[in-house]
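Listed below, chain by chain, are the residues.
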Amino acid sequence: MKKNILDLSGNKALPFPLDTAISFNPFIDYLRRRVAGEKTAKAGIYKTALALFEKHNLQDVTLSLENIHEYEELLEQMYVCLSPPLLNEFEVAWGLGFPFQPVIFYATPMLHELMAGTISDQDKYVVVKTPEEYHKTRMQMVYSFILQRLYNFRIPVQIEQYHAGTNMQTGLLQYFAVHLNTDFLEVIPNGQLPMPDFKELSVKMAEDGTLDILEKIMPLSMFSFRGITMVTISDVTAEKAVENIESVRLARTPDNDETSYLHVIQSLKTIVGNNKIEFDLFPLVTINNEPVYGYRKGGTGILFEVWGERLSPEVFRKQAKGYFSNPNSFFSRDIFGLKEMEISFLEHFRKLKVRSLALMPVFYNRQPVGVLAMHTWEDDTFDETALSLLEPALPAIGSLMQVYIDEFNLEIENIIKEKFTSIQPSVQWKFNEVAWHYLHDRKRGQPEKTETIHFNDVFPLYGAVDIRNSTLERNKAIISDLDSHLDLLMNTLTALQLEHHSVLQEEMIYKCSKWKEVLGQELLNGSDEDRLVTFFREETTPYLEHLSKLNGNNALLADYMTALDKFNSNVHGNKHALEVSMQMINNAVNNYFESEKDQLQRSYPCYFEKFRTDGVEYDIYIGQSFAPNHPFNHFHLKNVRLWQLSSMAAVAKLTASLLPDMPIPMRTTQLVFVHNHTIDISFRADERKFDVEGAYNIRYQMIKKRIDKVHIRNTEERLTQPDKIVLIYFDNKDVEDYIPFIHYLQEKGTLNNDLEELELEDLQGLSGLKALRVGVTAG
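What counts and how
- Residues numbered from 1 in each chain as written.
- Predicted model: local features only at pLDDT ≥ 70, side-chain atom pairs only at ≥ 80, totals over all residues.
- Heavy atoms only, no water.
- Helix = DSSP H or I, 4+ residues; strand = E, 2+ residues; numbered from the N terminus.
- Rg over C-alpha atoms; globule rule 2.2 N^0.38 Å.
- Buried < 20%, exposed > 50% of the residue type's maximum accessible area, 1.4 Å probe, protein only.
- Contact = heavy atoms within 4.5 Å.
- Salt bridge = Lys/Arg side-chain N within 4 Å of Asp/Glu carboxyl O.
- Arc of directions from axis to C-beta.
- Phe/Tyr/Trp six-rings, centres within 6.5 Å; stacked < 30°, edge-to-face > 60°.
- Axes fitted to C-alpha atoms, helices over the stretch in contact; angles between N-to-C directions.
- Parallel < 35°, antiparallel > 145°, perpendicular 65-115°, else oblique.
- Left-handed = near helix turned anticlockwise from the far one by under 90°.
- Nonpolar A, V, L, I, M, F, W, Y, C, P; charged D, E, K, R; others polar.
- Polar contact = N/O pair within 3.5 Å; in protein donor to acceptor, adjacent residues only side chain to side chain.
- Pairing = 2+ DSSP bridges.
- Expected span 1.5 Å × (residues − 1).

Draft legend 1. Region of interest: the overall build of the chain. Helix and strand counts for the chain stand at 23 helices and 26 strands. Taking 28 Å as the expected radius of gyration for a compact globule of 779 residues, we find that the chain reaches 42 Å, considerably beyond that expectation. Overall, the C-alpha framework of the chain stretches about 135 × 75 × 60 Å when taken along its three principal axes. Looking at the chain as a whole, 45% of its 779 residues are labelled buried. The contacts in the chain between residues at least 6 apart in sequence include a share of 70% that link residues at least 24 apart.

Printed below as a string of structure tokens:
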């Protein structure tokens, strides 16, 4: 045993004025109780110790640090009585200390060995907690002791304190658990004992204001403390590191994802006690039970580098399924060793300059969820003992990887929900509510009723970006391609007729000329197109293929068959060029609205649905019923209407900017239908989409479908024009919100100063339509 004076604070504890002194009185009282009540062989130990203490006659004697070691024999008796009989003093960090002071005066060699370096060598170990934090902890402990002993009132204070510090040699945290046993302390009031209001204390405990009250009503100067503190210290670095990994799993969010995984890697380094050992996590994610690439989730990223997108999806899937069907650990101290050089899968690790490598499968509920890699770079190495240190952390790593897998699956579900269903965040709560009612009825054995999901009194906003004359342009492209192919076919047949006259070929040439006449009139309809394609497929092509087999070296037939393959592939010609141009427009517009969709939700939840025609159309619904707890104001509607105008202007400029890259130049028109009255919508389960309800509301849908090609009254001019935005409405009040917005965008230089107010032709079942038309500035 060591009898050196050891200041656990490193002489950095803040002053703590307490009337304290060392006294054997509490321990002597303890011995007397044990002698009176002990029935086992331990009674002899306690009797011997008590006799020794009584011999020294130290009852009611206070001692100081200066003379305590004169009683080493008594201190040794305390160790004998209070430590397990089989415990070696070199195996436990145990000591006796001054009451409520960080001073040890008698301790085992292990406590000195554990703590001496940490408190004396500041270049090796830096304490994380500040002196003020330690001071607060000590104050809480002292007041907890006073309240328990004198008032039998307990406040929740941990007797076991955890202390963290950074080992400057490794750069890693170390954790120590310090357990203070106050059984051999007594507190003595100096004067009349104050009576605190325990109800107020209970309230303040929840507000962390207990110390302020206690210091006012019962300052520590009112008490004296006598006795000896028993201290047990243990290195709990590994346990706390595992706890840190668990806390990351519980507290992490997508926002702090990267930081969270850095904490995990640092905790793993702390467990093995080596900052030069690196780690990497590779979760196993699957789609339809087939492994797919995950993403780098903290660590060095070597596993994703080796097993990720370097491999084709098929090769990765095959290798991952093979490994995880029978997952085994791998370890090599040096992957450049002679035996390791024969292992092919290590080749890419060697290219990355990895030296030591361990691969450990990670499990959750006995199912593999990923791989943990442990490695070093270049000349650094580790051995098998480091692997064994990681065993306690593997369950926590497994739980963390399962969280990532669950989030990956949820992300996939959200994408499906967002991109391919009608369930959006603004209406999700309603689906949740109805689903819960359905589940509630099922669990209680009641008839399952499918409720109608509806939203009443919502404002509709409709917009359409249409590709100008797309139908005409498509017909022109089809006629052009068919005409070109007919020319080639006629030329081929005519040339063959010169080589070998055939009545059948003559008939085919005649049919080709008749089809040329039809195409020349540009009156081709769908039925004609089908008949012409049938002519190619069932008459001319089989005949020419027959001739090609008979005359394999005929260059004329070979050139035609090559051209025929291109014609049939639909990736050549004017029609394909037109489709490329239209796809460029639709992709750009679609991506623009996708990027803007989230911005719309920031002001107020709304339902946004877009759908493809020859262009892109959208419906927006906004109103109080989408967010019952969020008051809806007309300003929210105005905000969306301003967005409608500015977004249509942005789309017009965006599509115009694509013109130089289009194989066939195509322009877009922009239309907004203004409906200034609320409607009701409901979810149609059969079609998996929202639709309007009621006769009046259905009329709104009818109007949308009829206005796209409307003309200006008494003219042949189409209302919608390229580089223009059109707003169609019935009453001047309908556009009262839009007029100021148009002027605002004109002032900003987004719109031209060419606003037109127009009356429109009557449509079937519709009359009195009006429109505003305004140009979008170039560039």
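Draft legend 2. Focus on the pattern of salt bridges. In the structure shown here, the tally under the stated rule is 33 salt bridges. Salt-bridge contacts for Lys 430 lead to Glu 433; the nearest nitrogen and oxygen are separated by 3.4 Å. Taken together, the positions of Lys 430 and Glu 433, both in helix H15 (residues 425–443) and three residues apart, correspond to about one turn of that helix. Measuring nitrogen to oxygen at the nearest pair gives 3.8 Å for the salt bridge that ties Lys 476 to Glu 473. Pair noted here: Lys 476 and Glu 473 are both in helix H16 (residues 470–499), with a separation of three residues, about one helical turn. Glu 473 gets classed as partly exposed once you look at its relative accessible area, which sits at 22%.

Draft legend 3. Molecular detail of unusual backbone geometry. Positive phi is not limited to glycine here, since Asn 288 has a value of about 55°. As for its position among the elements, Asn 288 is in the loop between strand E13 (285–287) and strand E14 (290–292). Look at Asn 288 and you get exposed, because its relative accessible area is 72%. With phi around 65°, Asn 289 is a residue other than glycine that occupies positive phi space. Structurally, Asn 289 can be placed in the loop between E13 and E14.

Draft legend 4. Focus on helix H23 (residues 738–747). Every buried residue belonging to H23 is among Tyr 738, Phe 741, Ile 742, Leu 745 and Gln 746, and all of these are buried. Each buried residue of H23 lies within a common arc of 140° when the element is viewed along its axis, so the set occupies one face. Of the surrounding secondary structure, the elements contacted by the buried residues of H23 are strand E18 (454–467), helix H21 (634–657), strand E21 (668–674), strand E24 (724–729) and strand E26 (770–775). Note on H23: the residue one or two positions beyond its end, Gly 749, has a positive phi of about 85°.

Draft legend 5. Fine view of the packing of aromatic side chains. The full count for this structure, using the stated rule, is 39 aromatic pairs. Geometrically, the ring pair formed by Phe 282 and Trp 307 is edge-to-face, given 5.6 Å between the ring centres and 85° between the ring planes. Pair noted here: Phe 282 is in strand E12 (residues 278–283) and Trp 307 is in helix H10 (residues 302–307), with a separation of 25 residues, a long-range link. An identical accessibility class is assigned to Phe 282 and Trp 307; each is buried. Residues Phe 608 and Trp 643 carry aromatic rings whose centres are separated by 6.3 Å and whose planes lie at 80° to one another, so their mutual orientation is edge-to-face. Pair noted here: Phe 608 is in strand E19 (residues 606–612) and Trp 643 is in helix H21, with a separation of 35 residues, a long-range link. Trp 643 matches Phe 608 in its accessibility class, with the two residues each being buried. Taken together, the aromatic side chains of Trp 429, Phe 431, Phe 455, Tyr 607, Tyr 621, Phe 626, Phe 683 and Phe 690 make up a single cluster linked through ring pairs.

Draft legend 6. Looking closely at the environment of Asn 469. Looking at the element boundaries, Asn 469 is found in the loop between E18 and H16. Distance from Asn 469 to Pro 102, taken between C-alpha atoms, is 88 Å for residues 367 residues apart in sequence.

Draft legend 7. Geometry of the packing of helix H5 (residues 131–151) against helix H7 (residues 210–217). H7 packs onto H5 with a crossing angle of 60° between their chain directions and a minimal axis gap of 11 Å. One way to sum up the angle between H5 and H7 is to call them oblique. The two elements H5 and H7 meet at a crossing, and its hand is left-handed. Here Lys 136, Met 139, Gln 140, Tyr 143 and Leu 147 of H5 lie close against H7, whose contacting residues are Leu 211, Leu 214 and Glu 215. Its residues assigned to classes, the contact of H5 with H7 shows five nonpolar, one polar and two charged.

Draft legend 8. Broad picture of the side chain of Glu 38. With respect to the helices, strands and loops of the structure, Glu 38 is situated in the loop between helix H1 (25–37) and helix H2 (42–56). There is a polar contact of 2.6 Å between the side chain of Glu 38 and the side chain of Arg 34. Every residue in contact with Glu 38, bar those within four places of it in the chain, is listed here: Ala 43 and Tyr 46.

Draft legend 9. The packing of H16 against helix H19 (residues 555–569), seen in detail. The interhelical angle for the contact between H16 and H19, taken along N-to-C directions, is 165°, at an axis separation of 10 Å. As judged from the angle between their axes, H16 and H19 are roughly antiparallel. As H16 runs across H19, the sense of the crossing is left-handed. Contacts from Asp 481, Leu 482, His 485, Leu 488, Leu 489, Thr 492, Ala 495 and Leu 496 in H16 reach Leu 556, Leu 557, Tyr 560, Ala 563, Leu 564 and Phe 567 in H19. Its residues placed into classes, the contact of H16 with H19 shows eleven nonpolar, two polar and one charged.

Draft legend 10. The arrangement of the environment of Trp 307 in detail. A relative accessible area of 17% means that Trp 307 is categorised as buried. For the pair formed by Trp 307 and Ala 320, sequence separation is 13 residues and the distance between their alpha carbons is 8.7 Å. Apart from the residues lying within four places of it in its own chain, the contact partners of Trp 307 are Phe 282, Tyr 293, Phe 316, Leu 359 and Val 371.

Draft legend 11. A look at the sheet that holds strand E3 (residues 62–63). Strand order across the open sheet formed by four strands is E3-E2-E10-E9, with mixed pairing between neighbours. Edge positions in the sheet fall to E3 and strand E9 (185–189), since each of these pairs with one other strand and no more. Where strand E2 (residues 19–23) lies against strand E10 (residues 223–227), four bridges are found, and the strand directions are parallel. Of the residues in E10, the one forming a bridge with Asp 19 is Ser 224. Contacts between H1 and the sheet are confined to E2, E9 and E10, with E9 contributing the most and set at about 120° to the helix. Contacting E9 and E10, H5 runs over the sheet at an angle of about 75° to E9.

Draft legend 12. Molecular detail of the pairing of E12. Judged by how many residues are buried, E12 sits mostly within the fold: six of six residues are covered. Residues Glu 278, Asp 280 and Phe 282 line one face of E12 and the alternating positions Phe 279, Leu 281 and Pro 283 line the opposite face, and both faces are buried. Note: E12 against strand E17 (residues 367–377), six bridges, orientation antiparallel. Note on E17: the bridge partner recorded for Pro 283 is Gly 370.

Draft legend 13. A look at helix H17 (residues 503–520). Over its 18 residues, H17 extends 26 Å from the first C-alpha to the last, a length consistent with the 26 Å expected when each residue adds 1.5 Å. Elements in contact with the buried residues of H17: H16 and helix H18 (526–550). For H17, the N-terminal capping position is held by Ser 502, with its side-chain oxygen 3.2 Å away from the main-chain nitrogen of Leu 504. Note on H17: the residue one or two positions beyond its end, Glu 522, has a positive phi of about 55°.

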